[in-house]
Number of protein chains: 2
Amino acid sequence: MLTIRDIAREAGVSTATVSRVLNDLQSVTEETRRKVLETVNRLGYRPNGLARSLSTKRTGTMGLIISDITNPFFPEIARGVEDVLNAYGYNVILCNTDGHAEKEAAYIRLLVEKRVDGIIFASVRTDKSDLSDLDANGIPWVLAGRTLPGIDRDCVVVDNILGAYQATQHLLQLGHRRIGYVSGPFHVSVNMERLEGFRQATSGYGLNASELPIVEADFKQAGGYAAALRLLGPQSDLTALFVANDLMAIGVLEAAHDLAIQVPEDLAVVGFDDIPLAALHTIQLTTVAQPKYEIGAVAARMLLDKIDRVNTDGDRSSAKVILTPKLQVRRTSGADLSPQIGRQPATVPDAEK
Amino acid sequence: MLTIRDIAREAGVSTATVSRVLNDLQSVTEETRRKVLETVNRLGYRPNGLARSLSTKRTGTMGLIISDITNPFFPEIARGVEDVLNAYGYNVILCNTDGHAEKEAAYIRLLVEKRVDGIIFASVRTDKSDLSDLDANGIPWVLAGRTLPGIDRDCVVVDNILGAYQATQHLLQLGHRRIGYVSGPFHVSVNMERLEGFRQATSGYGLNASELPIVEADFKQAGGYAAALRLLGPQSDLTALFVANDLMAIGVLEAAHDLAIQVPEDLAVVGFDDIPLAALHTIQLTTVAQPKYEIGAVAARMLLDKIDRVNTDGDRSSAKVILTPKLQVRRTSGADLSPQIGRQPATVPDAEK
DNA sequence: TTGTACGCGTTATCAC
DNA sequence: GTGATAACGCGTACAA
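Residues numbered from 1 in each chain as written. Chains lettered and ligands numbered in written order. Predicted model: local features only at pLDDT ≥ 70, side-chain atom pairs only at ≥ 80, totals over all residues. Heavy atoms only, no water.

Novice: Hey, could you run me through the protein's contact with DNA strand D in this one?
Specialist: Taken together, 28 residues sit near DNA strand D, with Ile 4 and Tyr 45 of chain A together with Thr 17, Arg 20 and Ser 27 of chain B positioned nearest. Side-chain polar atom of Ser 19 of chain A to a phosphate oxygen of DNA strand D: 2.8 Å apart, as the coordinates give it. For DNA strand D, a phosphate oxygen lies 2.6 Å from a polar atom in the side chain of Thr 17 of chain B. Elements with a contribution of two residues or more to the surface near DNA strand D: α1 (4-11), α2 (15-22) and α4 (49-56) of chain A together with α2 (15-22) and α4 (49-56) of chain B. Residues that form the surface near DNA strand D fall into these classes: nine nonpolar, 14 polar and five charged. (Near = heavy atom within 4 Å. Polar contact = N/O pair within 3.5 Å; in protein donor to acceptor, adjacent residues only side chain to side chain. Helix = DSSP H or I, 4+ residues; strand = E, 2+ residues; numbered from the N terminus. Nonpolar A, V, L, I, M, F, W, Y, C, P; charged D, E, K, R; others polar.)

Written out as structure tokens, the structure is:
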């Protein structure tokens, strides 16, 4: 592949001049400028970014760490990240960790070796030591859609406690008292927060949250399906389920169907995230909406800011941005059925089918 | 950040020896080996991949170019690509082009400058000149889920013509004769092929394909919705729609619902792709299944092969892999309704609701 | 305005 | 087995 020296020789100038033209710096005669650009185009020269990065100490590449891009929650976040970063000339390396700590650690090591300019963590699980490792190496990072215990900066999240509180209260106001919680992995922060919101809301209604059934699952559709089978057995008295994310809620709906349980007549279901398919008329999942694209976009801007600040003054931390979740009331919570749950036919779209 | 020289000095050896230990090459005494590794771990040294790549001429990074990761068709492909490449120590740079030629060209330039070891194209549109540009620069590439006119190598695809043929024939066998085609962008190869399959099947039944309505849309849900509104106006006599991809088919279903058209009783719908939500019991979209994950995985392996071959002998091309699509018959085509279309109530799941 | 020469952090080719 | 040292391709003081 051609080098800057080839261009310099061909154009009859020095490599320094070629470099100046390519990065349009300072003083270069329009004459020589033309000459250089002409040979560059004629020969199809492409600068070697590796050499450039080695010299400038910036790569124009960022890492994006998520759990699994096939989870419908993540593509929009990734898109928000990508759009913003790409507008500033950055590329994004995508990393699927499946929530495995080892996979994540391995990715981080690779990203550090590739000297990415920054990393966005949207995966559910991250070791705090990994982050201090990055700090030690001077690589800025940002958390998107999640927090970490003991860290209340450099992250953009929705208020999960509030969202879960609203969702649960919605069910309570509809008259439900026997409400189950389909949980994500217990130790994951977003799940802990949503569980906390669930607890606050139920105890606000004088219920003992510890008496309400909670089943741990994995944030995936199949996990939600399995959890629902366990919760909705023959002797179940549950009339509603709050599910920690939409993907599991979809699994719950599938399970309810297979168990011949009518939603929302016999069972109200509320999810979290508002993934695209939740709004389809055949699904109409009541859920807590997160601004996914915005979470990604804001996180990206925050990261860019942080990089700027590292390069100027020494300040390395950003504020914490908390976005507000919004309860999207749709069919599956049976809001139109209240106050007598499960007694009268639903008057919602599709009900007459 | 620490350099190999720091380690060499601290361990009392030369940089060459440190390098040998790190890449466990040749002859190094167990003694010195231990000593080097100890200081590496103690000081937390991370090799600079840029410098390494500059020297070795490989980056361990690949580019993946797609249209839009929020289109449910792509996450599984991306996952297949990522899983395989990551197993071989590669990272993946994700590029969303939205089908814009300029965006794609800009991405390719960036990827070339970063000296990625290879590129996978899963986007719908690619300029042939871009590819020859890559060839000129010695960067291997592979096409995934699509072809390019005049190129029948280095790609993995399903037989789109066959898939579309089967889908259309399915509708014809159910008795439909007035079938519309909701098209993707006309110039996109996969769409052209599916249209071709549609034409072959209809003319096989003595129909004049040119008399059947075809509306061009954009492969997105909103586009499918809009196309359906145009096709299903008051004076429409269509009893079935073959839709070029599932995402648009979802839009068609939404439109049908808003127009109070019953699916499948009044309108049969068949899509293409078999995205995850097509299988949900509330959707049950009849569609042509593509093995998306496999397409990504096979493309990744093909790219790895191609890279290997470039490094050994000079052969730079791979074969063309054609995977077989599979018609997934579900509710929306009303297979259980035949032969009298639209006369009797459906006896499909959910019908008694 | 332009050119020379060194540094960026590795790997690889020599000697020893 | 180990150590100098020249690439790798670019940016950039410094000098001219």
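Novice: What is the right way to look at the interface of chain A and chain B in this model?
Specialist: Listed as interface residues are 54 residues of chain A and, on the opposing side, 54 residues of chain B. Both faces combined, the contact of chain A with chain B buries some 5,200 Å², and carbon together with sulfur accounts for 55% of it. The largest contributions to the chain A side of the interface with chain B come from Leu 50, Arg 79 and Arg 115 of chain A, which together make up 14% of the buried area. Taken together, the links from chain A to chain B amount to five salt bridges. A salt bridge links Glu 113 of chain B to Arg 52 of chain A; the shortest N-O distance between them is 3.9 Å. Of the residues in the side of chain A that touches chain B, the class split is 21 nonpolar, 17 polar and 16 charged. The pairing of strand β2 (residues 91-96) of chain A with strand β2 (residues 91-96) of chain B spans three bridges and is antiparallel. Directly across from Ile 93 of chain A, in β2 of chain B, lies its bridge partner Ile 93 of chain B. (Contact = heavy atoms within 4.5 Å. Buried area = accessible area lost by both parts, 1.4 Å probe. Salt bridge = Lys/Arg side-chain N within 4 Å of Asp/Glu carboxyl O. Pairing = 2+ DSSP bridges.)

Novice: When you look at the confidence of the model for chain A in this model, what are you seeing that I'm missing?
Specialist: Low pLDDT marks regions whose predicted coordinates should not be analysed in detail. The pLDDT averaged across chain A works out to 91; a share of 93% of its residues lies at or above 70. Below pLDDT 50 for its whole length, residues 338-353 of chain A participates in 24 contacts with residues either more than four positions away or in separate chains. (pLDDT = per-residue confidence, 0-100.)

Novice: Help me understand the relation of the copies chain A and chain B in this model?
Specialist: Put simply, the second copy of the chain is the first one after a rotation about an axis and a shift along it. Mapping chain A onto chain B leaves a residual RMSD of 0.0 Å; the transformation is a rotation of 180 degrees accompanied by 0.0 Å of translation along its axis. Expressed as a symmetry operation, the mapping of one chain copy onto the other fits a two-fold axis. Closest to the rotation axis within chain A is the C-alpha of Ile 93 of chain A, separated from it by 2.1 Å. In this assembly, 100% of the residues forming the interface of chain A have copies in chain B that are likewise at the interface, indicating an isologous arrangement. (Least-squares fit on C-alpha atoms with pLDDT ≥ 70 in both.)

Novice: Looking at this model, I keep getting lost on the protein's contact with DNA strand C. Mind explaining?
Specialist: Lining the immediate environment of DNA strand C, one finds 28 residues, of which Arg 20 and Ser 27 of chain A together with Ile 4, Ser 19 and Tyr 45 of chain B sit closest. Of all DNA strand C atoms lying within 4 Å of any protein atom, the proportion belonging to sugar or phosphate reaches 62%. Thr 17 of chain A is positioned such that a nitrogen or oxygen atom in its side chain is 2.7 Å from a phosphate oxygen of DNA strand C. By residue class, the composition of the surface near DNA strand C is nine nonpolar, 13 polar and six charged.

Novice: Where do I start with the packing of helix α8 (residues 160-173) of chain A against helix α9 (residues 189-204) of chain A in this structure?
Specialist: Two packed helices can be described by the angle between their axes and the distance between those axes. Residues and elements named next belong to chain A. Between α8 and α9, the shortest axis-to-axis distance is 7 Å and the interhelical angle comes to 40 degrees. Relative to α9, α8 is oriented oblique. Where α8 crosses over α9, the two elements pack in a sense that is right-handed. Residues Asn 160, Ile 161, Ala 164, Tyr 165, Thr 168, Gln 169 and Leu 172 of α8 form the contact with α9, whose participating residues are Val 190, Glu 193, Arg 194, Glu 196, Gly 197, Phe 198, Gln 200, Ala 201 and Thr 202. In terms of residue class, the contact of α8 with α9 is built from seven nonpolar, six polar and three charged. (Axes fitted to C-alpha atoms, helices over the stretch in contact; angles between N-to-C directions. Parallel < 35°, antiparallel > 145°, perpendicular 65-115°, else oblique. Left-handed = near helix turned anticlockwise from the far one by under 90°.)

Novice: Would you mind showing me how to read the domain arrangement of chain A here?
Specialist: One frequently used descriptor of interface size is the decrease in accessible area upon assembly of the parts. Residues and elements named next belong to chain A. The domain boundaries assigned to chain A delineate domain 1 (4-56), domain 2 (61-158 + 292-322) and domain 3 (160-290 + 328-352). With centres defined by C-alpha atoms, the gap from domain 2 to domain 3 works out at 30 Å. Contacts between the two partners involve 12 residues from domain 2, matched on the other side by 15 residues from domain 3. Buried area between domain 2 and domain 3, summed over both chains or domains, comes out near 1,200 Å², and the portion from carbon and sulfur atoms is 56%. Counting every contact that joins domain 2 to domain 3 gives six residue pairs in polar contact (both at pLDDT 80 or more). Among the residues forming the side of domain 2 that touches domain 3, the class breakdown is five nonpolar, three polar and four charged. (Domains from an automatic or database assignment.)

Novice: Mind showing me how you'd approach the packing of aromatic side chains here?
Specialist: Geometry of an aromatic ring pair is reported as the spacing of the ring centres plus the angle between the planes. In total, this model carries eight aromatic pairs over all chains according to the counting rule given. Ring geometry for Tyr 181 of chain A versus Phe 198 of chain A: centroids 5.3 Å apart, planes at 25 degrees, classification stacked. Note that Tyr 181 of chain A is positioned in strand β6 (residues 179-183) and Phe 198 of chain A in helix α9, a separation of 17 residues in sequence. The two residues Tyr 181 of chain A and Phe 198 of chain A agree in class, both being buried. On the numbers, 5.2 Å between centres and 70 degrees between planes, the contact of Phe 73 of chain B with Phe 74 of chain B is edge-to-face. A residue is classified by how much of its surface remains accessible, and Phe 73 of chain B, at 10% relative accessible area, is buried. For Phe 74 of chain B, a relative accessible area of 4% puts it in the buried group. Among the aromatic residues, those joined into a cluster by ring pairs are Tyr 181, Phe 198 and Phe 242 of chain A. (Phe/Tyr/Trp six-rings, centres within 6.5 Å; stacked < 30°, edge-to-face > 60°. Buried < 20%, exposed > 50% of the residue type's maximum accessible area, 1.4 Å probe, protein only.)

Novice: How should helix α9 (residues 189-204) of chain B be read in this particular structure?
Specialist: For an α-helix, the turn length of 3.6 residues means that residues three or four places apart are oriented alike. All names here are of chain B. The terminal C-alpha atoms of α9 lie 22 Å apart, and with 16 residues this matches the ideal 22 Å at 1.5 Å per residue to within 8%. The complete set of buried residues in α9 reads Ser 189, Val 190, Asn 191, Arg 194, Leu 195, Gly 197, Phe 198, Ala 201 and Thr 202. Those residues of α9 that are buried are in contact with α8 (160-173), β6 (179-183), β7 (214-216), β8 (240-243) and β9 (268-273). (Expected span 1.5 Å × (residues − 1).)

Novice: Sorry, what's going on with the pattern of salt bridges here?
Specialist: If charged atoms from side chains of opposite charge come close, those side chains can pair. Residue and element names in this part refer to chain A. Enumeration according to the criterion identifies 27 salt bridges over all chains in this entry. In this structure, Arg 330 and Asp 274 form a salt bridge, with 3.1 Å as the shortest nitrogen-oxygen distance. A residue pair is termed long-range when its members are at least 10 positions apart, and Arg 330 in the segment after β12 (326-328) and Asp 274 in the loop between β9 (268-273) and β10 (286-289) qualify at 56 residues. This pair shows no difference in class: Arg 330 is buried, exactly as Asp 274 is.

Novice: Looking at this model, I keep getting lost on the pairing of β9 of chain B. Mind explaining?
Specialist: Looking down a regular strand, the side chains alternate between one sheet face and the other. All names here are of chain B. When you tally the buried positions in β9, you get six out of six residues, the bulk of the element. As for the winding sense of the linkage, the β-α-β connection from β8 through helix α11 (residues 246-258) to β9 is right-handed. Pairing between β9 and strand β10 (residues 286-289): four bridges, direction parallel. Looking across to β10, one finds that Val 270 is bridged to Thr 286. (Right-handed = clockwise from strand over helix to strand, strands pointing away.)

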